[in-house]
Amino acid sequence: MSDFAKLKNELKDKLSKAQNSKEVDVIRTEIFGKNGLINSEFKKLGKLSADEKKRQASEINIAKQDLTKIFNDKIGEFSNTEIDERVKKEKVDVTLPEKDFRIGKIHPISQVIDEISSIFSEIGFSVEEGPDIETEYYNFTALNTPENHPARDMHDTFYLEENMKTLLRTHTSPVQVRTMLKGKPPFKIIAPGRTYRSDSDQTHTPMFHQLEGLHIDKNITMGHLKGCLNYFIKEFFEVDKIKMRFRPSHFPFTEPSAEVDIGYKIENDKIIIGEGDKWLEILGCGMVHPNVLKNSKVDPNKYQGFAFGIGIDRLAMLKYGINDLRSFFECDYRWLNYYGFDPLDVPTNYRGLSK
Amino acid sequence: MRFTKDWLKDHLKTNKTEAQIIEKLNSTGLEVEKVEPVKNELSEFIIAKIVRAEKHPNADRLKLCYVDIGQKELTKVVCGGPNAKDNLLTVYAPPGSIIPKNKMKLEVTKIRGEKSYGMLCSESELNLSDESEGIIELNQSFKKKIGMNYFKNNSGNVIELSVTPNRPDCLGIRGIARDLSASGFGKLIENKNIKIKKIGKQPIKINLEKNKNQACTIFGSCLIRNIQNKESPEWLKKRILSLGLRPISAVVDITNYVMFDLNRPLHAYDSDKIKKGITVRNSKKGESFKALDNKEYKLDDGMCVISDDEGVLGLGGIIGGTRSGTELNTKNILLESAYFDPIITRKTAKKLQLNSDAKFRFERGIDPNSISAGLEKAAEMIIKICGGTVTKFDFQNKKKILPKILSFDPDLASKIIGIQIKINEIIKILENLGFNIENKRKILKVKIPSWRPDIHGQIDLIEEIIRIKGFDKIQSVEPEKKRLKPTLDFFQRHFHLAQRSVASKGYLETITWSFTDEKINKNFRENIKEIKIVNPISSDLNVLRSSLYPNLIYFLKKNIDRGFNDQSLFEIGPTFIGSKPGQQITVICGVRKENNLNVFGIKKDIVQTLVEMGINKNEISIDTKTPSYYHPGKSGSITTKKDKQLLGYFGEIHPKIIDVTYGFEIFLENLVKYKNHNKKNKQTLIFSDYQKSDRDFAFVVKKDFKAQDLIDIISDIDNSLIKNVKIFDVYEGENIPSDKKSIALKVTIQSDFKTLNEKDLNEISQKIISNVEEKASAKLRS
């Protein structure tokens, strides 16, 4: 046996007897290090004849492969046992609490506005907005409610000037006029927003939210109005059928005007929408009054259509079982956490409105 | 507007039930608000039980009774009845009720130092018998009825309507009957031809003055002599009570009765108290009078007054005065039935803040043709009840009443409503409502009844038609699923994104009032104009908010008081920079209170939100200039490098305002404006696979030197090679001069074209050192 073979066997033997990765590491240098067995044997090749060289080189390579395999096996074996040992010692009590995380919430009114927008998006409405501060003209006069009209009494208005020329809008209807004035028919919009009336009790807050709807084209009739609201209410409450009642009413800016009630019943203290023999008023609507169209530079002989106004807060209360209107604005930490929505829970018409 | 079915039947022949009538009223636009039993003078007396009768501490003959009246708590009543004792069932009269025997109104009083809430009644006090010795003793069968009415109520229900402002005609029961009749609910009973004997001319001269904006255009009157005013008969009292009014005397009750019956306000003067003739004229500034509500009113110019030689008697169409008021001993009355202009009447009442049933009607528009009918009906009733003789009616006219006539294209009804309605049906509906159709061809000539001041145009007629035909006849048209425009515009998309982006960082969204307390707001107003609300709901909500902080901090504190110390709240909404429409901006504002939070925590929240909204970190720069409500040393502003748009502020709220709390504000319009001007197209991604190297440096700079500037200096040297600069340590203290600090940073160097060798790396490192040393007056720390 050549010296090389002997050495190789010795190392092979040593390697297989190694007890831990440290020992293997030492042997590794003896074999594969700069001056280890393999390298020093290769260095010797230069002195040999071509034939010898070839034979010897092949032998070294075989030995190298051989040793490498044993070495890798050994390493694998040790690292596994060592990991096993370490893992054994590393046990923790995973029932201890996770790291703190905070989940933010979207206010139910914002969520409901998104739901409404998603529903109306499906039938081609786009979202418009108007200013919170309005002039008396846009809030009343342009909406066919001239000064000294008793209908103004129905709105307890907050004024910003003694002469009552600027005010906080009492409804979202001024957006109708503003939208029509800046564009050309057809119009198909919804306008959600803050509205204000100086009224504060169990069921009224000085600020609340309304949604205005407006659809003007050449031949939009009360049939379209009915169809649109029926579609909306069904989608919003996520029910297959809905009981709805149109009652004639009066708003200066629509004619004919109607108030819409939906049927409901109370079961186990919970309100069930769409069935039952009780009626709940949820919105006002009608055909846009020709005077409003005129004031908005739309020819009432060519165009007609409907408008509606819905109390958003009321809808949110009904859908999500919130009893107290005032609680929406009290920012109670517990309330916000309980009634708020996960920010990732975005209402869409392909996923659906609610989780 | 209240009425009973019983009263309705004076005008409508119908066999419909109350429930059917209510449903019909709702479906024709006369919304039923409430249905309740008729109240009468006796409905306040309640069956009660004395739980405990104790001796009055200061009076031998009185007792202190603790009475169960069917409510949670016992009521204390001082009682003189010798038979008052524990467990006695009896009749209780609450404060406010009127004792039938002596017509005294009960009040809460102290009797010998003890408060008494109401009274326990004897039979004689209730006019049941002459027995006045002790209080009523009820047998044990009444035990189950404690808290209920003692007197049975058979008077039926009162139906209360909420009448919309366009329908003054339905402020009278006859108008309601007319609507029901037009809807097929029976026949309207013709007004009886009243024949009362009228003797002589009305002797009091009525002068309708020619004034500018004279509100009174017709003044009808008659004199009724030798009456005997008295308490109204029971049937009349009952009806007055059903209206929710208090019976006063026959004359007053009758004028009220006619007002609610025919929607025809009247006024009765004691004619013996009128000094000479009557003049209807505009008031002069400074005139005053005492009205029937017992208040003194000072008048302005141009208010319509009824006056005599001595001065103002009453405000036309609004309220009469005490000086000429009728009393039980009144002998001769002047009855007025007039027409007052809606707008002028409303203006006057508004200025004086005066409300009355008459004003409510005149401002909505009264039938000018009802003047005579009103006089007839009232005079007839007065003579019947009080006796006396009537003069002929006197009418003073300033204006002739001409009927309004409209041309109406019946096809328009179908076009608006969306269903075909035959012309015959249209004509029938309108005629039943009292409209007169003169020409029944293609275009109808429609004469408007004088009681319908709300009908101005064709659209009003269409409303009448569908209202009576029924909204349930309209066929629903399925909405078309076609979109002409994107649902949300660019700004709204960012609003939506910002809202959810901030919430996803653990903030709870709040919605707070757009107004706030000026005292808190002034801390956040800076130099924005204060916008006061003229008529605030309360003095602590009296200005429009200049910032979202006032309300957020207020509620944050409230939650701390509730025991929640760690919280993050935010709001997205308007703040106001002026008092004109549109002078508002949209702000996203977050407040965060948490242990171990520092300014970099809040900075992370705002910067990450901006990045999520599409602003790259390298597009913004941070500055230390912030509004005064931030801690001056621990706050910053964020501005875009290009366009210099202010995107927001962040930092610790000034400790004078709140203890260690952090907040940020993002100005949404600015952000969207910036993004609009700097639209980015996503370019094809190219990344380098050549080796990258990190080099660490530490520079000693002046203490107030901004880290941001150091990053900018290095980044600007060669952005084809310098891919990232990251600060990992800032050190002050030992080995560093006291006015200096050391900033340690890691620079990532990578080429897109080759693997950099030692020489390349050294070259760029040298460049970094020399640039920083030169531009930042820094020294490389060795």
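Residues numbered from 1 in each chain as written. Chains lettered and ligands numbered in written order. Predicted model: local features only at pLDDT ≥ 70, side-chain atom pairs only at ≥ 80, totals over all residues.

Asks: What should I look at first to understand the overall build of chain A in this one?
Replies: Summing up its helical and strand segments, chain A has 11 helices and 10 strands in all. Over its C-alpha atoms, taken along the principal directions, chain A stretches across nearly 120 × 50 × 45 Å. Among the 355 residues that make up chain A, the fraction classed as buried is 43%. In chain A, of all internal contacts separated by at least 6 residues, the share reaching a separation of at least 24 is 67%. (Helix = DSSP H or I, 4+ residues; strand = E, 2+ residues; numbered from the N terminus. Buried ≥ 20, exposed ≤ 12 C-beta atoms within 10 Å, placed from the backbone. Contact = placed C-beta atoms within 7 Å.)

Asks: Is there a simple way to think about the overall build of chain B in this case?
Replies: When helices and strands are tallied, chain B shows 18 helices and 42 strands. Radius of gyration (C-alpha) of chain B: 41 Å, far over the 28 Å computed for a compact globule of 782 residues. In terms of its C-alpha atoms, chain B occupies a principal-axis envelope of roughly 130 × 90 × 55 Å. Across the 782 residues that make up chain B, the buried fraction comes to 40%. Taking the intrachain contacts of chain B between residues at least 6 apart in sequence as the baseline, contacts between residues at least 24 apart amount to 69%. (Rg over C-alpha atoms; globule rule 2.2 N^0.38 Å.)

Asks: Looking at this structure, how should I read unusual backbone geometry?
Replies: Trans peptide bonds make up the majority, and among non-glycine residues the majority have a negative phi. With omega at 0°, the peptide bond leading from A:P185 into A:P186 counts as cis. Its location among the elements puts A:P186 in the loop between α7 (174-182) and β4 (187-196). In the Ramachandran plot, B:K276 falls in the positive-phi region, its phi being about 60° despite a non-glycine side chain. Along the chain, the position of B:K276 falls in the loop between β17 (267-270) and β18 (278-282). Judged by C-beta crowding, with 10 C-beta atoms within 10 Å, B:K276 ranks as exposed. The backbone of B:N596 sits at a positive phi, close to 65°, despite the residue not being glycine. You can see B:N596 is positioned in the loop between β34 (584-593) and α15 (599-612). A count of 5 C-beta atoms within 10 Å places B:N596 in the exposed class.

Asks: Is there a simple way to explain the interface of chain B and chain A in this structure?
Replies: Note on interface size: it is often stated as the accessible area lost on association of the parts. The interface is formed by 73 residues belonging to chain B together with 65 residues belonging to chain A. If you list the elements that add at least two residues to the side of chain B that touches chain A, you get α2 (18-27), α6 (342-352), α9 (411-417), α11 (458-469), α12 (490-503), β30 (508-509), α14 (549-561) and β33 (567-576) of chain B. Element by element, the count of residues in the side of chain B that touches chain A is highest for α11(B), at six residues. Taken together, the residues that form the side of chain B that touches chain A break down as 28 nonpolar, 26 polar and 19 charged. (Nonpolar A, V, L, I, M, F, W, Y, C, P; charged D, E, K, R; others polar.)

Asks: Sorry if this is basic, but what is going on with the domain arrangement of chain A here?
Replies: Domain assignment breaks chain A into domain 1 (3-89) and domain 2 (108-339). Here domain 1 of chain A and domain 2 of chain A have C-alpha centroids that lie 85 Å from each other. (Domains from an automatic or database assignment.)

Asks: How do you make sense of the domain arrangement of chain B when you look at a structure like this?
Replies: What the domain assignment reports for chain B is domain 1 (2-40 + 155-188), domain 2 (46-145), domain 3 (206-397), domain 4 (404-473), domain 5 (490-677) and domain 6 (693-780). Here the C-alpha centroids of domain 3 of chain B and domain 5 of chain B sit 60 Å apart.

Asks: Any chance you could explain the environment of B:K105 here in plain terms?
Replies: All names here are of chain B. Examined against the element boundaries, K105 turns out to sit in strand β9 (residues 104-105). Residues K105 and P95 lie 10 residues apart in sequence; the distance between their C-alpha atoms is 7.6 Å. Excluding its chain neighbours within four sequence positions, the residues that come into contact with K105 are G96 and I98.

Asks: Would you explain the packing of helix α5 (residues 250-262) of chain B against helix α8 (residues 371-386) of chain B in this entry?
Replies: Relative placement of two packed helices is described by the angle separating their axes and the distance separating the axes. Residues and elements named next belong to chain B. The N-to-C vectors of α5 and α8 enclose an angle of 145°; their axes lie 10 Å apart at closest approach. As for the relative orientation of α5 and α8, their crossing is right-handed in sense. Residue-level contacts link A250, V251, I254, T255, V258 and L262 of α5 to A373, G374, K377, A378, M381, I382, I385 and C386 of α8. (Axes fitted to C-alpha atoms, helices over the stretch in contact; angles between N-to-C directions. Left-handed = near helix turned anticlockwise from the far one by under 90°.)

Asks: Help me understand the sheet that holds strand β7 (residues 89-93) of chain B in this model?
Replies: All names here are of chain B. Reading across from one edge, β6-β5-β4-β7-β12 is the order of the five strands in this open sheet, with antiparallel pairing throughout. Both outer strands of the open sheet, β6 (75-79) and β12 (119-120), are each paired with one neighbouring strand and no more. Looking at chain direction, β7 and β12 are connected through two bridges and run antiparallel. If you follow Y92 over to β12, its bridge partner there is L120. (Pairing = 2+ DSSP bridges.)

Asks: Got a minute to help me understand the environment of B:D309 in this structure?
Replies: Residues and elements named next belong to chain B. Relative to the helices and strands, D309 resides in the loop between β21 (304-308) and β22 (311-315). Residue classification places D309 among the exposed residues on the basis of 10 C-beta atoms within 10 Å. The spatial distance from the C-alpha of D309 to the C-alpha of S501 is 76 Å, given a sequence separation of 192 residues. Ignoring any residue separated from it by four or fewer positions in sequence, one finds D309 in contact with K275 and K276.

Asks: So what exactly am I meant to see when it comes to the sheet that holds strand β15 (residues 206-208) of chain B here?
Replies: Note: strands within a sheet are paired through backbone hydrogen bonds, in either parallel or antiparallel orientation. Residue and element names in this part refer to chain B. What the five strands build is an open sheet, ordered β15-β18-β21-β22-β23; its pairing is mixed. Of all the strands in the sheet, the pair left with one neighbour each is β15 and β23 (319-320). In terms of strand pairing, β22 meets β23 through two bridges, oriented antiparallel. Its bridge partner lying in β23, L315 is registered against I319.

Asks: What exactly am I supposed to notice about the environment of B:G317 here?
Replies: All names here are of chain B. Along the chain, G317 falls in the loop between β22 and β23. Along the sequence, G317 and D357 sit 40 residues apart, while their C-alpha atoms lie 9.4 Å from each other. Setting aside chain neighbours within four positions, we find G317 in contact with A215, C304, F340, T345, A358, K359 and F362.

Asks: Explain helix α10 (residues 423-432) of chain B to me, please; I cannot follow it from the model alone.
Replies: Residues spaced three or four apart along an α-helix point in a common direction, a consequence of the helix completing one turn every 3.6 residues. Residues and elements named next belong to chain B. Here α10 has its buried residues at I426, I429 and L430. Looking straight down α10, one finds that the buried residues subtend no more than 95° of arc, so they occupy a single side. Looking at the buried residues of α10, the elements they touch are α3 (173-182), α9, β28 (436-440), β29 (444-448) and α11. Just downstream of α10, G434 is the residue with a positive phi angle, here 100°. (Arc of directions from axis to C-beta.)

Asks: Help me understand the confidence of the model for chain B, please; the structure alone is not making it clear to me.
Replies: Any region with low pLDDT has predicted coordinates that should not be read closely. The share of residues in chain B with pLDDT of 70 or more is 99%, and the mean pLDDT across the chain is 91. Taking the mean pLDDT of every element in chain B, the minimum, 82, falls on β9(B) and the maximum, 98, on β30(B). (pLDDT = per-residue confidence, 0-100.)

Asks: Explain the pairing of β21(B) here, please?
Replies: Along a regular strand, successive side chains alternate from one face of the sheet to the other. Residues and elements named next belong to chain B. The element β21 is largely enclosed, with a buried count of four among its five residues. Bridging between β18 and β21 involves four bridges; their strand directions are antiparallel. Residue pairing for β21: T279 is matched across the bridge by S307. Pairing between β21 and β22: four bridges, direction antiparallel. Of the residues in β22, the one forming a bridge with V305 is L315.

Asks: Explain the packing of helix α2 (residues 21-32) of chain A against helix α4 (residues 50-89) of chain A to me, please; I cannot follow it from the model alone.
Replies: All names here are of chain A. Where α2 meets α4, the closest approach of the two axes is 10 Å, and the angle between their N-to-C directions is 160°. Overall, the two elements α2 and α4 adopt an arrangement that is roughly antiparallel. Judged by the twist between their axes, the crossing of α2 over α4 is left-handed. Where α2 approaches α4, its residues S21, V24, R28 and I31 are matched on the opposing element by L67, F71, K74, I75, F78, S79 and E82. Of the residues assigned to the contact of α2 with α4, the class counts are six nonpolar, two polar and three charged. (Parallel < 35°, antiparallel > 145°, perpendicular 65-115°, else oblique.)

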